Amino acid sequence: MADEVAILTARAIQAEAEIEALEAEIATLQDPQKLLASGIISPQLKSLREENAKLKFQVKHLERNIEKEESTCPDHMISINQIIYDVFALAIKQAYPDVEGATVLIQRGKFADYQCNSAMNICQKLKASGVKIAPQQVGTKIIEQLPNVDFFEKLEVAGAGYINIYLNKKYVARQINSILKNGVRPPRILAKKRVVIDFSSPNIAKEMHVGHLRSTIIGESISRLLEWVGHDVLRLNHLGDWGTQFGMLIAHLQDKFPNYLTVSPPIQDLQAFYKESKVRFDEDEAFKKRAYAAVVQLQKYEPDHLKAWNLICDVSRKEFQKVYDRLGVTIKERGESYYQELMKDIVRELDDKGLTAVEDGRKIMYVDGQKVPLTLVKSDGGFTYDTSDMAAIKQRLNVEKGTWLIYVVDAGQGPHLELIYAAAQAAGLYNPKLIRVEHVAFGVVLGEDKKKFKTRSGDTVRLTDLLNEGLTRAEQKLKEKERDKELTPEELKAAQEAVAYGCIKYADLSHNRNHDYVFSFDKMLDDRGNTAAYLLYAYTRIRSIARTAKVTPEQLKSAIDKDGVVLDHEKEWNLAKCLLRYSEVILKCHDDLLLHSLCDYIYELSTAFTEFYDKCYCVEKDRTTGEIVKVNMGRILLCEATASVISSGFNILGITPVSKM
């Protein structure tokens, strides 16, 4: 397969370049002083050398196998954008080997399928070295150096050296047939990582509210994405389950349910219980003293106080789990209490490294480039959020062996997390060149008045109330369409939940997470435009086409093996090219963790399908009898491929489609 040979050749050359860069970096680190200054210590250098050896082995392996065909059931989908990038990178390197840093610029074309815009960049670099050449000549020379591949139908140089790229229909058809045969597979990624992702993180004794919605939805979807492409993902729920507030809760529990040690207290509304204890704490000095004393006993792990704490935590856990079950969220609890002993260790370590100082009775740590220091130990001897976050990042790096740490936390926490990351680097906990640590920030949920989303009384919106209202509105919408007359009660309930929860998730994920967004049930339940309601209806309609045509799975399989998809009509061709872009979109989301790109793509794909379906008959019926006269199997296959890709996207977004709506 010529295209695979070209891809593997390009990857081999890139791997050799990466090895050269690594070897150059290692050479600069031979001086112990430079080694120390860079923050890379000898074990990390050893790891770097081992990785270098692995890369060399991989290159040799690629060279030995470059003529071999891929297996009949590949474990990944082709990314056409990556293929084009790879072969053009190879051609540019061969055409202009002496031009350093030549940029490979590939984008979707206005007049062609794709476009390479590297010629002008190369011209500028050549001009700087005293060589004058026209961009058109550069473009032509790049084309001449392209390997003989079968995925280009035509290449032409236009304007200022722009290379217009036209895809080969037979190649695209083969890739669509591969989707039909092998299912929707993830694209190939360069390196699989151990990902530790921190999201949701509600507080014990307080109900989850709309503020937790974004972190939970975004974190779950990112986890699904990274798991699907092959990373080893650990999802963590950093619960607020420790601190001074538990003193007042335990003291209140002891007063209200004095027999709590033998009889489980019937706490139905923990939020009300918290408010009661807070009022007493603010107004009753004697109670406040007892609350502080209870905190001391809890921190000593006194058995009775520990049991009271566990009882309170269990009530919250059960309520949180109800929300997670409704939203299809899977997450492992690891609250602040987990790090209590580890906090002592991190403070001791920072002391030993001479990084701490004492000011006004507090133990702090100054970090270069940061406006404020970390507060590690308060004047009363207690630890802080800074301490627990430092202990957590160390544990995730050293014990969990995380090579990619993700914190899905609101944008307001940006300065705090920046301080934690900088302090961790200063302490030598990780090197940013080797470990990826990042804040996945998100904006605020706004009401339709463009102010922070609250109830009419001004209270924070409880997440359970929001989900319940979504169910009520979804049911009303389905009944307005008289779906209750056509669906069984079970089917109606499934459709109701799919629409309600799907719309809430999609309304969040379809916006750039860095921005605030306006929460509106009316807009998200509208079955027109870029909404989950529209996409769910579209998906259900696509899935029904083969069923209506009475096409069996065996007939579909036979059609794939016999002729597969045929891309003669313009709308068939446009739909197929859109399907092929799925891997490209997945890789983009993988790199920037911005899921609105996936939402935009699914909407674009649904729109392309609608245009195809309007112009291309899949099933022809007798206008008088309504009997099926002809079934175009090639087009039915395009329908099935489209449904499969949409279903894959839905799975990443945490949206559950239904067969009937």
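Residues numbered from 1 in each chain as written. Predicted model: local features only at pLDDT ≥ 70, side-chain atom pairs only at ≥ 80, totals over all residues. Heavy atoms only, no water.

## Comments concerning the overall build of the protein
We count it as follows: The secondary structure listing takes helices from DSSP runs of H or I that are at least 4 residues long and strands from runs of E that are at least 2 residues long, numbered from the N terminus. Per-residue accessibility, obtained with a 1.4 Å probe over protein chains only, is compared with the maximum for each type, and a residue is labelled buried under 20%, exposed over 50%, and partly exposed between these values. Only heavy atoms matter for contacts: two residues are in contact if any of them lie within 4.5 Å across the pair. Per-residue accessibility takes into account occlusion by the displayed protein chains alone, with areas from the Shrake-Rupley method and a 1.4 Å probe.
Counting secondary structure elements, the protein contains 24 helices and 16 strands. Across the 661 residues of the protein, 50% fall into the buried class. Sequence-distant contacts, at least 24 apart, represent 74% of the contacts inside the protein between residues at least 6 apart. Total accessible area computed for the protein in this model is approximately 32,200 Å², and 50% of it derives from carbon and sulfur atoms.

## Examining the sheet that holds strand β11 (residues 404–408)
Spelled out, the test is: When DSSP finds two or more bridges between two strands, those strands count as paired.
With parallel pairing, five strands are arranged side by side in an open sheet as β7-β6-β5-β11-β12. The sheet terminates laterally at β7 (332–333) and β12 (436–440), the two strands that pair on one side only. The sheet contact formed by β11 and β12 spans five bridges and is parallel. The residue of β12 that forms the bridge with W404 is R436.

## A short note on the sheet that holds strand β10 (residues 374–377)
Here is the rule we go by: Only C-alpha atoms enter the line fits that serve as axes; for helices the fit covers just the stretch in contact. Angles between N-to-C directions range over 0 to 180 degrees.
Pairing in this open sheet of three strands is antiparallel, and the strands run β8-β9-β10 from one edge to the other. The open sheet has two edge strands, β8 (357–359) and β10, and neither has a second partner. For this sheet the average axis-to-axis angle between neighbouring strands, irrespective of direction, equals 45 degrees. Two strands pair when backbone bridges link them, and β8 and strand β9 (residues 362–365) are joined in this way by three bridges, in the antiparallel orientation. Note on β9: the bridge partner recorded for V358 is K363.

## What about the pairing of strand β6 (residues 232–237)?
Selection criterion: Classification remark: right-handed applies to a crossover when, strands pointing away from the viewer, the course from the first strand over the helix to the second runs clockwise.
Counting buried positions along β6 yields five of six residues, so the element is predominantly enclosed. Pairing of strand β5 (residues 194–198) with β6, which is carried by five bridges, proceeds in the parallel orientation. Counted as the bridge partner of R194 is D232 from β6. With helix α8 (residues 210–229) bridging β5 and its parallel neighbour β6, the resulting β-α-β unit is right-handed. Relative to β7, β6 runs parallel, the two being bridged by two bridges. When the bridges of β7 are listed, N237 appears paired with E333.

## Quick word on the packing of helix α14 (residues 385–398) against helix α15 (residues 414–426)
Our working rule: What sets the label is the angle itself: under 35 degrees gives roughly parallel, over 145 gives roughly antiparallel, 65 to 115 gives roughly perpendicular, and the rest give oblique. By definition, turning the near helix anticlockwise from the far helix through less than a right angle yields a left-handed crossing, and turning it clockwise yields a right-handed one. The nonpolar class holds Ala, Val, Leu, Ile, Met, Phe, Trp, Tyr, Cys and Pro. Asp, Glu, Lys and Arg form the charged class, and all remaining residues, Gly among them, are polar.
Running from N to C, α14 and α15 cross one another at 55 degrees; their axes reach a closest spacing of 10 Å. As far as their axial angle goes, α15 and α14 are oblique. For the element pair α14 and α15, the recorded crossing hand is right-handed. On α15, the residues that touch D386, D389, M390 and I393 of α14 are H416, I420, Y421, A423 and A424. Across the contact of α14 with α15, the residue classes break down as six nonpolar, one polar and two charged.

## Thoughts on the pattern of salt bridges
Formally: For this analysis, a salt bridge means a side-chain nitrogen from Lys or Arg found within 4 Å of a carboxyl oxygen belonging to Asp or Glu.
This structure, assessed with the given rule, holds 42 salt bridges. Put simply, R194, D232, R334 and E400 are held in one network by salt bridges that share partners.

## Some words on α14
Because each turn of an α-helix spans 3.6 residues, side chains separated by three or four positions in sequence point in the same direction. Rules: Given the number of residues in a helix, its expected span is that number minus one, multiplied by 1.5 Å. Any N or O atom pair separated by 3.5 Å or less is treated as a polar contact, with the protein-specific requirement of one donor-capable and one acceptor-capable atom, and with residues adjacent in sequence counted only for side-chain atom pairs.
When the terminal C-alpha atoms of α14 are compared, their 20 Å separation across 14 residues agrees well with the 20 Å that a helix rising 1.5 Å per residue should span. Among the 14 residues in α14, 11 count as buried, and that is most of the element. For α14, the set of buried residues is D386, T387, S388, D389, M390, A391, A392, I393, Q395, R396 and L397. The N-cap of α14, judged by a side-chain oxygen 3.2 Å from the amide nitrogen of D386 a few residues on, is T384.

## A short note on helix α4 (residues 80–95)
In this model, α4 (16 residues) spans 22 Å end to end at C-alpha, consistent with the 22 Å of a helix rising 1.5 Å per residue. What α4 keeps buried is the set I80, I83, I84, D86, V87, F88, A89, L90, A91, I92 and A95.

## Topic: the nonpolar core
Quick note on the threshold: Here, nonpolar core refers to any group of buried Ala, Val, Leu, Ile, Met, Phe, Trp, Tyr and Cys residues whose side-chain atoms link them within 4.5 Å.
The biggest cluster of nonpolar side chains holds 169 residues, and the ones touching the most others in it are F88, I176, I406 and F519. Those residues in contact with F88 that sit more than four places away from it in its chain are V104, I106, C116, I142, L146, F152, L155, I163 and I165. In terms of nonpolar packing, the next biggest core, distinct from the first, is built from 32 residues, L405, I420, A422 and V437 among them.

## So, the environment of A507
When you line up the elements, A507 lands in helix α17 (residues 489–509). Remark: the alpha-carbon pair of A507 and T531, spanning 24 residues in sequence, is separated by 7.0 Å. Residue contacts for A507: discarding those within four places in its chain leaves Y517 and M524.

## Looking at the packing of aromatic side chains
To keep things clear, this is the line we draw: In this analysis, rings of Phe, Tyr and Trp, with Trp reduced to its six-membered ring, are considered paired at centre separations within 6.5 Å, and the interplanar angle assigns stacked below 30 degrees, edge-to-face beyond 60, and tilted for intermediate values. Consider the ring centre and the ring normal. A charge sits over the ring if Lys NZ or Arg CZ is within 6 Å of that centre and within 35 degrees of that normal.
Under the definition given, this model contains 16 aromatic pairs. Geometrically, the ring pair formed by Y407 and Y421 is tilted, given 5.5 Å between the ring centres and 55 degrees between the ring planes. Residue Y407 is found in strand β11, and its partner Y421 is found in helix α15; the two are separated by 14 residues along the sequence. Pair check on accessibility: Y407 and Y421 agree, each one buried. Aromatic ring contacts, followed pair by pair, group F88, F151, F152 and Y171 into a single cluster. A cation over an aromatic ring shows up here: K288 above the ring of F281, its NZ or CZ 5.2 Å from the ring centre. Positioned over the ring face of Y537 is K481, at 5.5 Å from the centre of the ring.

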